Amino acid sequence: TQHPGTKLLRAALNAYQPAHNDKSKLEKAFAAWLATRPEIPPSQRNALLDKRYEIDFFWPRERLAVELDGRPYHSLPEDLESDRIKDTWLQRAGINVVRVTEHRFDTDREGIASDLHHFLGINQAA
């Protein structure tokens with residue numbers, strides 16, 4: 001038997017949690033933006049490190065990971081804690097981590113470019 005309110009709760013959860021294919025909207029936008037920046041070398045996408053950590057954009061030679069924090073997937077306390085554990089593992093492995101939120105991507109692309117230039121060793125005048 002169904003408990004009272006189950007249908008309403010299920011509808012609310014479905015509305016809050018986007019379909020799996022929505023996860024890549026920020027990733028697709030970020031990849032398209034990177035393609036407009038010829039000074040930034042190509043990265044590995046969705047690289048799997050240590051057989052457990054998937055990295056959105058990874059430059060192995062430069063030891064740089066970019067993680068995209070889309071709101072639907074990085075808003076629950078458990079998600080944030082998981083991100084912090086991953087960041088610590090990456091730092092211990094000598095990999096710099098740049099986290100990019102949807103808000104920052106929408107409002108501060110030049111700042112993101114500056115961060116990437118710094119960690120990738122690109123001359124800022126490039």
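Please read all numbers here as calculations on a predicted model, not as lab measurements.

1. A closer look at the nonpolar core
Core analysis: the largest hydrophobic core is formed by 19 residues, its most contacted members being F30, W59, V66 and L116. The set of elements that each furnish at least two residues to this core consists of helix 2 (25–35), strand 2 (53–59), strand 3 (64–69), strand 4 (96–101) and helix 5 (109–120). In this structure, A47, Y53, L90 and I95 belong to the second largest nonpolar core, which totals eight residues.

2. Remarks on the side chain of R99
Within the secondary structure, R99 sits in strand 4. Taking relative accessible area as the criterion, R99 reaches 19% and is therefore assigned buried. At 2.6 Å, the side chain of R99 forms a polar contact with the side chain of D69. Reaching out from R99, the side chain makes a polar contact with the side chain of D87 at a distance of 3.0 Å.

3. A few points about the side chain of E67
Tracing the chain through its elements places E67 in strand 3. At 2.8 Å, the side chain of E67 and the backbone nitrogen of D56 are in polar contact. A polar atom in the side chain of E67 sits 2.6 Å from the side chain of K86. What E67 contacts, discounting residues up to four positions off in sequence, is E54, I55, D56, K86, V98, R99 and V100.

4. A word on the pairing of strand 1 (residues 44–49)
Two elements, strand 1 and strand 2, share five bridges in a ladder whose sense is antiparallel. Bridging from a neighbouring strand, L48 pairs with E54 of strand 2. Hairpin connection between strand 1 and strand 2: a loop of three residues separates the two successive antiparallel strands, and D50 in this loop has a positive phi of roughly 55°.

Conventions adopted
- Numbering of residues starts from 1 in every chain and runs along the sequence as written.
- For this predicted model, a pLDDT threshold of at least 70 governs which residues receive local features, and a threshold of 80 or more governs which side-chain atom pairs are given and counted, while totals over whole chains, interfaces and linings are taken from all residues.
- Values reported for side chains reflect all heavy atoms of the structure, with hydrogen atoms and water molecules removed beforehand.
- For the purposes of this section, nonpolar cores are sets of buried Ala, Val, Leu, Ile, Met, Phe, Trp, Tyr and Cys residues that join through side-chain atoms within 4.5 Å.
- The cut-offs for exposure are 20% and 50% of the maximum accessible area for each residue type, with area from a 1.4 Å probe on protein chains only; residues under the lower value are buried, those over the upper are exposed, and the others partly exposed.
- Helix and strand assignments follow DSSP, with helices taken as H or I runs no shorter than four residues and strands as E runs no shorter than two, numbered in order from the N terminus.
- Counted as a polar contact is a pair of N or O atoms within 3.5 Å, where, for protein atoms, one must be capable of donating a hydrogen and the other of accepting one, and residues adjacent in sequence contribute only when both atoms are in side chains.
- Working rule for contacts: check all heavy atoms of both residues, and any pair within 4.5 Å makes them a contact.
- What makes two strands pair is DSSP finding at least two bridges between them.

Just geometry here; none of it tells us what the structure is for.
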